[in-house]
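As a plain string of letters, each chain reads:
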Amino acid sequence: MRHKRNWLAGILLSGVLLGCQPSKKSTPVTPLSYRVVLQWGSPGSGPGQFNGAQGLALDSEGSVYVADSQNCRIEVFGPAGQFLRSWGRCGNGPGEFQRPMDVAVNRNGQVYVVDFMLDRVQVFDRQGKFLRAWGRSGKRPGEFSAPLGLAVDASGNVYVCEFYNHRVQKFSAQGKFLLTWGGDGHAEGQLHYPDKLTVGPDGNIYVADAHNHRVEKFDPKGKFLAAWGTSGTWYGQFQDPTDVVVDSSGNMHVADSGNYRVQWLDPTGKYLAQWIVPEHEVPRFESPQALVMDSQGFLYVSDIANDRIYKLEVVRGASK
């Protein structure tokens, strides 16, 4: 467990080297943009507050699930940001957490949570009742080392992204190991400290390959399909991307955490627009952490530096 004590700095350490955010003045003219329509949250441990807001998920009713990592809990909100409920506490037992980092909800309303420190996946109903769990520390199939990302496909299969094992593992809904891919490296199909991942509308798997400063695309069997991005601060470049979501048109929205922004790319990786997260009082290495998009096309962003959630309208056809 000792290697995880400095996990926040380790995940996005290279973001320190930036020194500044991308300049808004040089933003290309584009008819596409993001607009903040709602925000909620503040630092703390009370209802609706956060201490390390991480992964996001939506259920069929439009409720927003937030992995409140350092408060060791899951919080649930309505589409307007109203607090609904929470569950979890710090510990090692069933229903307890050490660092819940990502959350996903399947078609049946079961809630999957991955824990960075405990190296396991736990499953709950929508009210927070513990159902089952799997995983332990290690490198073998079905074991984990610092899992950060979690996604569920239309068939109920579960994908887990591991930071220190540099890989993705695929499981059945009940936790049966199915396959794995990745491996530490910089070549196509390899991963270098990956963060979160998503299942696109096309059924393919998109991985935020954080320390390779890119997004990689795989089919459900782990076959490499494409990659986008290089290290940098320019449009279409990344510094430690932490999450990606794909809309119904195949466009990618990327949490470019080290650059303090969300980028909007077309299906070929061409830059379309960006949104820069508001500045925060306390300097931190990372800012936008996770993304999720609802059925109406609104994009939710968890901002760990400001301890809040933003709801963005994805604006098409309006000038900046």
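On a predicted model such as this, the values are computed, not experimentally measured, just so you know.

What counts, and where the lines are drawn
- Throughout this description, residue numbers start from 1 for each chain and increase along the sequence as written.
- At least 70 in pLDDT is required for a residue's local features to be given in this predicted model, at least 80 for side-chain atom pairs to be given and counted, and no such filter applies to totals for whole chains, interfaces and linings, which use all residues.
- Side-chain figures throughout are based on the complete set of non-hydrogen atoms in the structure, without hydrogens or water.
- Disulfide assignment relies on a single distance test, namely cysteine sulfur atoms paired within 2.5 Å.
- Under the scheme used here, helices are H or I runs from DSSP no shorter than 4 residues and strands are E runs no shorter than 2 residues, and both carry numbers assigned from the N terminus.
- Think of it in three bands: with a 1.4 Å probe and only protein chains considered, a residue is buried below 20% of the maximum accessible area for its type, exposed above 50%, and partly exposed in between.
- For every residue, the predictor reports its confidence as pLDDT, a number between 0 and 100.
- Note on contacts: a residue pair qualifies if any of its non-hydrogen atoms lie within 4.5 Å across the two residues.
- Pairs of strands are assigned from DSSP output, requiring at least two bridges between the strands.
- Note on geometry: axes are lines fitted to C-alpha atoms, helical ones only across the stretch in contact, with angles between N-to-C directions running from 0 to 180 degrees.
- Note on definitions: salt bridges are taken to be side-chain nitrogens of Lys or Arg within 4 Å of carboxyl oxygens of Asp or Glu.
- Planes of paired rings set the category: under 30 degrees apart is stacked, over 60 is edge-to-face and the rest tilted, where pairs are Phe, Tyr or Trp rings (Trp by its six-membered ring) whose centres lie within 6.5 Å.

Looking at the state of the cysteines
Here is step 1: All chains considered together, the criterion is met by 1 disulfide.
Here is step 2: What pairs with cysteine 72 in a disulfide is cysteine 90, and their sulfur atoms sit 2.0 Å apart. Looking down the S-S bond of the cysteine 72 and cysteine 90 bridge, the torsion is 80°, so its handedness is right-handed. Of this pair, cysteine 72 sits in the loop between strand S3 (64–68) and strand S4 (73–77) while cysteine 90 sits in the loop between strand S5 (83–87) and strand S6 (100–105), and the two are 18 residues apart along the sequence.
Here is step 3: Judged by its relative accessible area of 49%, cysteine 90 falls in the partly exposed class.

Focus on the confidence of the model for the chain
Here is step 1: For the chain, mean pLDDT is 90; residues scoring 70 or higher make up 87% of the total.
Here is step 2: Segment residues 1–27 is flagged for pLDDT under 50; beyond a separation of four residues in sequence, or across chains, it makes 63 contacts in the model.

Quick notes on the sheet that holds S5
Here is step 1: An order of S2-S3-S4-S5 is seen for the 4 strands of this open sheet, with the pairing classed as antiparallel. Looking along the sheet, the strands with just one partner apiece sit at the ends: strand S2 (53–58) and S5. Within the sheet, the average angular offset between the axes of one strand and its neighbour, ignoring direction, is 20°.
Here is step 2: Relative to S3, S2 is paired through 4 bridges, and the arrangement is antiparallel. Bridge pairing in S3 places alanine 57 opposite tyrosine 65.

A short note on the pattern of salt bridges
Here is step 1: One pass over the full model with this rule turns up 14 salt bridges.
Here is step 2: The salt bridge involving arginine 73 is made with glutamate 75; its shortest N-O contact spans 3.4 Å.
Here is step 3: The salt bridge involving glutamate 143 is made with arginine 136; its shortest N-O contact spans 3.1 Å.
Here is step 4: Relative accessible area serves as the criterion here: at 8%, glutamate 143 is assigned to the buried category.

Considering the pairing of strand S13 (residues 177–182)
Here is step 1: Direction of pairing for strand S12 (residues 167–171) relative to S13: antiparallel, over a ladder of 5 bridges. Bridge pairing links valine 168 to tryptophan 181 in S13.
Here is step 2: Between S12 and S13, which pair antiparallel and follow one another directly, the connecting turn spans 5 residues, one of which, glycine 175, has a positive phi of 100°.

Examining the packing of aromatic side chains
Here is step 1: Summed over the entire model, instances satisfying the criterion amount to 24 aromatic pairs.
Here is step 2: Relative to phenylalanine 83, the ring of phenylalanine 77 has its centre 5.9 Å away and its plane inclined at 75°; by these criteria the two rings are edge-to-face.
Here is step 3: A relative accessible area of 1% places phenylalanine 77 in the buried class.
Here is step 4: Ring centres 6.4 Å apart and planes at 50° place the aromatic pair phenylalanine 116 and tyrosine 164 in the tilted group. Residue phenylalanine 116 is located in the loop between strand S7 (111–115) and strand S8 (120–124), and its partner tyrosine 164 is located in the loop between strand S11 (158–162) and S12; the two are separated by 48 residues in the primary sequence.
Here is step 5: Residue tyrosine 164 is classed as partly exposed on the basis of its relative accessible area of 24%.
Here is step 6: Each residue in the set Trp40, Phe50, Phe77, Phe83 and Tyr300 is aromatic and connected to the rest through ring pairs, giving one cluster.

Let's talk about the sheet that holds strand S10 (residues 147–152)
Here is step 1: One open sheet accounts for 4 strands, arranged S10-S11-S12-S13; its pairing is antiparallel. The open sheet has two free edges, formed respectively by S10 and S13, since each of these has just one partner strand. The average undirected angle you get between the axes of adjacent strands in this sheet is 20°.

Quick look at the pairing of strand S18 (residues 241–246)
Here is step 1: For S18, the tally of buried residues reaches 6 of 6 residues, placing the bulk of the element in the interior.
Here is step 2: Relative to strand S19 (residues 252–256), S18 runs antiparallel, the two sharing 5 bridges. Looking at S19, one finds that aspartate 243 is bridged to alanine 255.

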